[in-house]
There are 4 protein chains.
Amino acid sequence: MQNKITGLIAAPFTPMNRDGSVNLNMIPPYANKLKNDGLKGVFICGTTGEGMLMTGEERKNVAERWIAEQSDDFNVIVHVGTTSAKQSNELAQHAQSAGAYAVGCMGPAFLQPARVEELVGFSAEVAAGSPQLPFYYYHIPNVSGIRLSMSEFIKQAPRKIPNFAGIKFTDNNFMEMQQCINQDGGKWDILHGYDELLLAGLAFGAKGAVGSTYNFMAPLYSDIISDFIKGNIEAARQKQLKSVKIITILNQYGGAIVVGKRLMKTLGIDCGNFRLPVSEFNEDSYEQLINDLNSEEFFEIRNT
Amino acid sequence: MQNKITGLIAAPFTPMNRDGSVNLNMIPPYANKLKNDGLKGVFICGTTGEGMLMTGEERKNVAERWIAEQSDDFNVIVHVGTTSAKQSNELAQHAQSAGAYAVGCMGPAFLQPARVEELVGFSAEVAAGSPQLPFYYYHIPNVSGIRLSMSEFIKQAPRKIPNFAGIKFTDNNFMEMQQCINQDGGKWDILHGYDELLLAGLAFGAKGAVGSTYNFMAPLYSDIISDFIKGNIEAARQKQLKSVKIITILNQYGGAIVVGKRLMKTLGIDCGNFRLPVSEFNEDSYEQLINDLNSEEFFEIRNT
Amino acid sequence: MQNKITGLIAAPFTPMNRDGSVNLNMIPPYANKLKNDGLKGVFICGTTGEGMLMTGEERKNVAERWIAEQSDDFNVIVHVGTTSAKQSNELAQHAQSAGAYAVGCMGPAFLQPARVEELVGFSAEVAAGSPQLPFYYYHIPNVSGIRLSMSEFIKQAPRKIPNFAGIKFTDNNFMEMQQCINQDGGKWDILHGYDELLLAGLAFGAKGAVGSTYNFMAPLYSDIISDFIKGNIEAARQKQLKSVKIITILNQYGGAIVVGKRLMKTLGIDCGNFRLPVSEFNEDSYEQLINDLNSEEFFEIRNT
Amino acid sequence: MQNKITGLIAAPFTPMNRDGSVNLNMIPPYANKLKNDGLKGVFICGTTGEGMLMTGEERKNVAERWIAEQSDDFNVIVHVGTTSAKQSNELAQHAQSAGAYAVGCMGPAFLQPARVEELVGFSAEVAAGSPQLPFYYYHIPNVSGIRLSMSEFIKQAPRKIPNFAGIKFTDNNFMEMQQCINQDGGKWDILHGYDELLLAGLAFGAKGAVGSTYNFMAPLYSDIISDFIKGNIEAARQKQLKSVKIITILNQYGGAIVVGKRLMKTLGIDCGNFRLPVSEFNEDSYEQLINDLNSEEFFEIRNT
């Protein structure tokens, strides 16, 4: 039985300078904040991290800086997904040689596979670039557009991907999630993906979770996990509801990732703006955003 | 604070004769089976009940026979949804005069409303037909095609629908479900809809649930609820997994409702076939189906 | 070889009174206007006609009044689609006994068929109600939600539907339309459905067309047809562009059917409002609408 | 008024070796074949050309080899689309320095823009890499997943993209196509995209077309254009129907691009297989494919 990830993994924003270049120097203090907030690691260069908006060179630089912050308690999973298995394989090679804990890879949004076999084949070509590292398929149909059965994927993947470790499961289909968690006697590591539904993932047996709001309110979710483990469901439910209310606010101001990146600056880690085609946060609405967040006691979550 | 439904409500199949006419005489023994299985009532003439495949006259006849079986412990909710608010209003009038416990109504699949205001307006015209009965909006986007925000619906509905009671929530969007459950201090009755995910609904605070597999394996779900209440999550999870495995089998043989109707005959309540455009169960695969169900110990669930 | 429809068929609005009841008395003058505009008939109680927002009784009344206006040059096709094959069969029986020219039927939006066989089966049950009348399947996936292959449908339908005549084809998939037009040596009657693309239908060989904007600007489309037949493509193209510009305006004010119903009043045929869940035209924008239409010389189309 | 492309532009396959590397040496004979077939140029590294399945280095190499074949009668348009505006800008810079005729760019399939402003912004950043070359936006919602209004795009684009030339329009929405063709007095170059519907594009005024089946049956389409210009619609229609029948066959054997790449080998230009995640053509079905194509007289199209 392989190692499984337990606890919270942040999907960090990639810090950018005013001129749109990557701000590597912000990564060490960012890592420090996340460690202080109790996170067990990071899943970098994914959706929140604007992975596919960057060049390969930029992604390698970002990976190296995060890996420099790695420790036994703080793992770095490098997302290597692109639309090209060859490019992704190169990024996987780099991640392994740079010392990452694991790699993750989204399915290709261009010429999307129509059959599970094709997706497994694509993933296998990528995973072969980092044979020493655990490989996580990143299932996020609302981003990749790939809506293939994960219960079928998890049956086929181990035969073609020797370093297959599991799935980062970012979808509402909890029937499939249950199937994946319980496949092969619970052998695979299925990471929960939607922060606002963490309690459902826990109920179905997830032990680890990757998310973007863990960047700025991880302690709230840590409490959900500990309340759940203690059997205090009502307390967990109230905290989950608080996360839902805050995410609802973020959605009203431009979406959890756009507004989340802006909030990092408020919390002392200036990550700059998103790259195109993602719109910038509208600064004119900043004061109102803060008022709304105060009404949900956002700043009283004990963030570092 | 209004009354809320707790426990399991079956969405019964509508029994049909070999010639395709409705078999009203099967309803009393059917009701008896469900009562013995511990169900708290039925939601009739909905999706599983082929409501919109029947004529208005047939639906009224079906409603009357179920209402004749109603008791303090066994409530009949009549689904009155059609594509026409006028027709549905007539069915709601009938439900009230016939003595139903409540009415439910799906949004119209024809000229689907594009805005919540329109859906509330449609629902209000229907609900006005049964002003003395609680009115439940039936949210099931995969059937109605209406993907409007339920958190917005539940804000607007009470102003226009004096007898608004809540929502039968059959969707994977558990963020919205949490918002609805907690709206107005938890005033509204939000009924969980996807049987294979009951444990998630419970985790988020649902108390009642409506489903089609409660027709033939309700005791399994009753145990999930009692395990959950006792704090025995692992036991609840294992039983939920059993339901997932059985539903997976049903899906392989034609879908939970088509195969489910066939299973009712096996369990002694012959409900006949579905009407067009739904395909009949393929009898050639019956033996294999039973083998597969036996491998999951389906028949050892203590059904009546 | 059966008779085929040539020229323009209007999809009339159903006139409503202020209290929401059907205004049958407006039908004779409405029919008169359409005859004077050169229309070859009407396709009643379809999408534009709010068919499924009415009760069966109302639809029969509407059908009888239109059929009273029928003549050798002005055919009445009765749309009988509902979500229930049994109800639609009854409406088809009525249409035949009332003397309609043909019946049309959309596929069921509730428990939508997943396979062509199921859709053909549903259609066959409906068509059996009017065995003496030509039967047209009404393909309009954006309304019915049924996206099955029409090239496959037209292969299977004749074997199960003795009175099968063709398809009212309201979709952008012109590859399928070409296949249908040319199936079985061009035997079937394929009616073009999207007014703003009439020229494409003509290019691919359509001879007849059914549409909602033919209610209020048929002469423009008659000219497109005659220009096309004469080989004057550039003239046809300019008139098609005029229709596109006008429909663009209608879309800006609430959609071609909502605004179209309002325009009928302007043109002397007061058809009232749409029923719920369709929103009313916003009268506050009427003056601006008329200005915009004047800028495209809408009122100089030689309508009656 | 800028130059517009008239006639047929092929979207070439990218030749691959057996080991999956790019086979640059096949490009000169490929170009020769296309010139002999009467094509006016190529749109390289797009959907058919597996653009985003290649690395940036591979794409530059492919572009250089095609540009070496460029002439006054044979233009090379380089597709530079990726998910990253920065990467695409680099590819655009290369295309300009290498001497391409124009660049084209699909919208980003990752973090897809939700508003036209965002798509214009992304495109502007790409187009700025090749300021001396005409820039074509590549609209293909079934591949990119971006379903924004092109009639709105074409209004906003010229203000932000000084070298904006037009749109490669690969969609069934011919209402928008008409709006784009006629915007600003017909100033922009709107290239027709769906080969099986070329006749519709011609009817609405398109003068140039880009497509994958022009690789192996361009003369058929050249005849459609000349028949259309002569006013011989019926002849054009029959040839379009022939293209529809052949594409139907290709779809039955794995899709027009997968089977098309195999057919190139049959026609003497061995382009190898597609890269993952696209499946290989199944050689076991080759004989049957050829039989089917013979029944439609595919090989009697006067290809070089």
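Nothing here was measured: the structure is a model prediction, and the numbers come from that model.

### Thoughts on helix α9 (residues 214-229) of chain A
Residues and elements named next belong to chain A.
Step number 1: In this model α9 runs just 19 Å from its N-terminal to its C-terminal C-alpha over 16 residues, more than 12% under the 22 Å that 1.5 Å per residue would give.
Step number 2: With 12 of 16 residues buried, α9 lies mostly within the body of the structure.
Step number 3: Buried within α9 are the following residues: Tyr214, Asn215, Phe216, Met217, Ala218, Pro219, Leu220, Tyr221, Ile224, Ile225, Asp227 and Phe228.
Step number 4: Where α9 ends, the next residue or the one after it, Gly231, has phi of about 85 degrees, a positive value.

### Concerning the interface of chain C and chain B
Step number 1: Taken together, the 33 residues of chain C in the interface contact 33 residues of chain B.
Step number 2: Carbon and sulfur atoms make up 63% of the surface buried where chain C meets chain B, a total of about 2700 Å² over both sides.
Step number 3: Of all residues in chain C, C:Phe110, C:Leu111 and C:Pro277 bury the most surface against chain B, accounting for 26% of the area lost on that side.
Step number 4: The tally of links between chain C and chain B comes to two salt bridges.
Step number 5: Between B:Glu58 and C:Lys86 there is a salt bridge, with its nearest N and O atoms 2.7 Å apart.
Step number 6: Counting every contact that joins chain C to chain B gives 10 residue pairs in polar contact (both at pLDDT 80 or more).
Step number 7: Listed by contribution, the elements that provide at least two residues to the side of chain C that touches chain B are α2 (56-67), α3 (85-98) and α4 (116-127) of chain C.

### Quick notes on the pairing of strand β2 (residues 41-44) of chain B
All names here are of chain B.
Step number 1: Residues Gly41 and Phe43 of β2 are buried on one face, and the alternating residues Val42 and Ile44, pointing to the opposite face, are buried as well.
Step number 2: Pairing analysis gives two bridges linking strand β1 (residues 7-10) to β2, with the strands arranged parallel. Paired with Ala10 across the strands is Val42, a residue of β2.
Step number 3: Handedness of the crossover joining β1 and β2 through helix α1 (residues 27-36): right-handed.
Step number 4: Pairing between β2 and strand β3 (residues 75-79): four bridges, direction parallel. Following the sheet pairing, Ile44 is matched in β3 by Val78.

### Thoughts on the UniProt feature "binding site: pyruvate" (unreviewed entry) in chain A
Residues and elements named next belong to chain A.
Step number 1: Annotation from UniProt places "binding site: pyruvate" (unreviewed entry) at Thr48 and Val210. Spanning 163 residues, the named residues form one tight spatial group whose C-alpha atoms are at most 10.9 Å apart.
Step number 2: Here Thr48 is to be found in the loop between β2 (41-44) and α2 (56-67).
Step number 3: Classification of Thr48 as buried rests on a relative accessible area of 8%.

### Considerations on the relation of the copies chain D and chain A
Step number 1: With an RMSD of 0.0 Å, the fit of chain D onto chain A corresponds to turning through 180 degrees and sliding 0.0 Å along the axis. Taken together, the turn and the small shift mark the pair as related by a two-fold rotation axis. Nearest to the rotation axis, the C-alpha of D:Ala109 is located 2.9 Å from it, this being the minimum over chain D.
Step number 2: By residue overlap, the copies meet face to face through one surface: 100% of the interface positions of chain D are interface positions in chain A.

### Digging into the interface of chain D and chain A
Step number 1: Each partner contributes residues to the interface: chain D has 33 residues there, and chain A has 33 residues.
Step number 2: Summing both partners gives a buried area of about 2700 Å² for chain D against chain A, and 63% of it is carried by carbon and sulfur.
Step number 3: The largest contributions to the chain D side of the interface with chain A come from D:Phe110, D:Leu111 and D:Pro277, which together make up 26% of the buried area.
Step number 4: There are 10 residue pairs in polar contact (both at pLDDT 80 or more) connecting chain D and chain A.
Step number 5: Mapped by element, the contributors of at least two residues to the side of chain D that touches chain A are α2 (56-67), α3 (85-98) and α4 (116-127) of chain D.
Step number 6: With four residues, the single largest contributor to the side of chain D that touches chain A is α4(D).
Step number 7: For the side of chain D that touches chain A, the residue count by class is 15 nonpolar, 10 polar and eight charged.

### Concerning α3(D)
Step number 1: The terminal C-alpha atoms of α3(D) lie 20 Å apart, and with 14 residues this matches the ideal 20 Å at 1.5 Å per residue to within 8%.
Step number 2: The complete set of buried residues in α3(D) reads D:Ala85, D:Gln87, D:Ser88, D:Asn89, D:Leu91, D:Ala92, D:His94 and D:Ala95.
Step number 3: Where α3(D) is buried, its residues meet α2 and α3 (85-98) of chain A together with α2, β3 (75-79), β4 (102-106) and α4 of chain D.

### As for unusual backbone geometry
Residue and element names in this part refer to chain A.
Step number 1: A cis amide bond links Leu276 to the next residue, Pro277, at an omega of 15 degrees.
Step number 2: Despite not being glycine, Cys45 has its phi angle at roughly 60 degrees, a positive value.
Step number 3: Residue placement: Cys45 occurs in the loop between β2 and α2.
Step number 4: Even without being a glycine, Glu297 presents a positive backbone phi close to 55 degrees.
Step number 5: Among the structural elements, Glu297 can be located in the segment after α12 (286-295).
Step number 6: Under the relative-accessibility criterion, Glu297 is labelled partly exposed at 43%.

### A closer look at the arrangement of the chains
Step number 1: Nothing in chain A touches chain C; the tightest C-alpha to C-alpha distance between them is still 18 Å.
Step number 2: Taking C-alpha atoms only, the smallest gap left between chain B and chain D, which are not in contact, amounts to 18 Å.

### So, the pattern of salt bridges
Step number 1: Within this structure, the stated rule accounts for 40 salt bridges over all chains.
Step number 2: C:Arg18 serves as the salt-bridge partner of C:Asp270, at 3.2 Å between the closest nitrogen and oxygen. Of this pair, C:Asp270 sits in the loop between α11 (256-266) and α12 (286-295) while C:Arg18 sits in the loop between β1 (7-10) and α1 (27-36), and the two are 252 residues apart along the sequence.
Step number 3: Classification of C:Asp270 by relative accessible area gives partly exposed; the value is 24%.
Step number 4: Here D:Arg115 and D:Glu118 are joined by a salt bridge, their closest N and O atoms 3.7 Å apart.
Step number 5: Salt bridges here are not isolated pairs; linked through shared partners, they connect A:Glu58, A:Arg275 and D:Lys86.

### Comments concerning the pairing of strand β4 (residues 102-106) of chain B
Residues and elements named next belong to chain B.
Step number 1: Counting buried positions along β4 gives five out of five residues, so the element sits mostly inside the fold.
Step number 2: Side chains Ala102, Gly104 and Met106 project from β4 onto one buried face, and the interleaved Val103 and Cys105 project onto a second face that is buried too.
Step number 3: Pairing of β3 with β4 involves three bridges; the strand directions are parallel. Looking at the pairing, His79 lines up with Gly104 of β4.
Step number 4: Between β3 and its parallel partner β4, the chain crosses via helix α3 (residues 85-98), and the hand of that crossover is right-handed.

### Structural notes on the UniProt feature "active site" (unreviewed entry) in chain A
Residues and elements named next belong to chain A.
Step number 1: According to UniProt, the positions carrying the feature "active site" (unreviewed entry) are Tyr138 and Lys168. A stretch of 31 residues holds the annotated residues, and the largest C-alpha distance among them is 4.8 Å, short enough that they meet in one place.
Step number 2: Summarising the element assignment, Tyr138 is placed in strand β5 (residues 135-139).
Step number 3: Every residue in contact with Tyr138, bar those within four places of it in the chain, is listed here: Phe43, Gly46, Thr47, His79, Cys105, Met106, Gly107, Lys168 and Thr170.
Step number 4: Among the polar contacts listed, one links the side chain of Tyr138 to the side chain of Thr47, at a separation of 2.9 Å.
Step number 5: For Lys168, the position within the fold is in strand β6 (residues 164-169).
Step number 6: The contact partners of Lys168, leaving out residues within four places of it in the chain, are Phe43, Tyr137, Tyr138, His139, Leu191 and Val210.

### What to know about the packing of aromatic side chains
Step number 1: In the structure shown here, the tally under the stated rule is 46 aromatic pairs over all chains.
Step number 2: Site record: aromatic cluster; members linked through ring pairs are A:Tyr137, A:Phe153, A:Phe164 and A:Trp188.
Step number 3: Here the basic side chain of C:Lys168 rests over the ring of C:Phe43, its NZ or CZ set 5.4 Å away from the ring centre.
Step number 4: Seen from the ring of D:Phe274, D:Lys261 lies directly overhead, with NZ or CZ sitting 4.8 Å from the centre.

### As for the state of the cysteines
Step number 1: Counted under the stated rule, the structure contains zero disulfides over all chains.
Step number 2: Free of any disulfide, B:Cys271 has its nearest cysteine sulfur in B:Cys45, 13 Å distant.

### Quick look at the nonpolar core
Step number 1: C:Trp66, C:Phe153, D:Trp66 and D:Phe153 are the most contacted members of the largest nonpolar core, which totals 236 residues.
Step number 2: Non-local contacts of D:Phe153, meaning those with residues more than four positions away in its chain, are made with D:Val116, D:Leu119, D:Val120, D:Ser123, D:Tyr137, D:Phe164 and D:Ile167.

Calculation rules
Residues numbered from 1 in each chain as written. Chains lettered and ligands numbered in written order. Predicted model: local features only at pLDDT ≥ 70, side-chain atom pairs only at ≥ 80, totals over all residues. Heavy atoms only, no water. Helix = DSSP H or I, 4+ residues; strand = E, 2+ residues; numbered from the N terminus. Expected span 1.5 Å × (residues − 1). Buried < 20%, exposed > 50% of the residue type's maximum accessible area, 1.4 Å probe, protein only. Contact = heavy atoms within 4.5 Å. Buried area = accessible area lost by both parts, 1.4 Å probe. Salt bridge = Lys/Arg side-chain N within 4 Å of Asp/Glu carboxyl O. Polar contact = N/O pair within 3.5 Å; in protein donor to acceptor, adjacent residues only side chain to side chain. Pairing = 2+ DSSP bridges. Right-handed = clockwise from strand over helix to strand, strands pointing away. UniProt positions renumbered as here; feature names shortened; annotations may be inferred. Least-squares fit on C-alpha atoms with pLDDT ≥ 70 in both. Nonpolar A, V, L, I, M, F, W, Y, C, P; charged D, E, K, R; others polar. Phe/Tyr/Trp six-rings, centres within 6.5 Å; stacked < 30°, edge-to-face > 60°. Lys NZ or Arg CZ within 6 Å of the ring centre and 35° of its normal. Disulfide = S-S within 2.5 Å. Core = buried A, V, L, I, M, F, W, Y, C linked by side-chain atoms within 4.5 Å.

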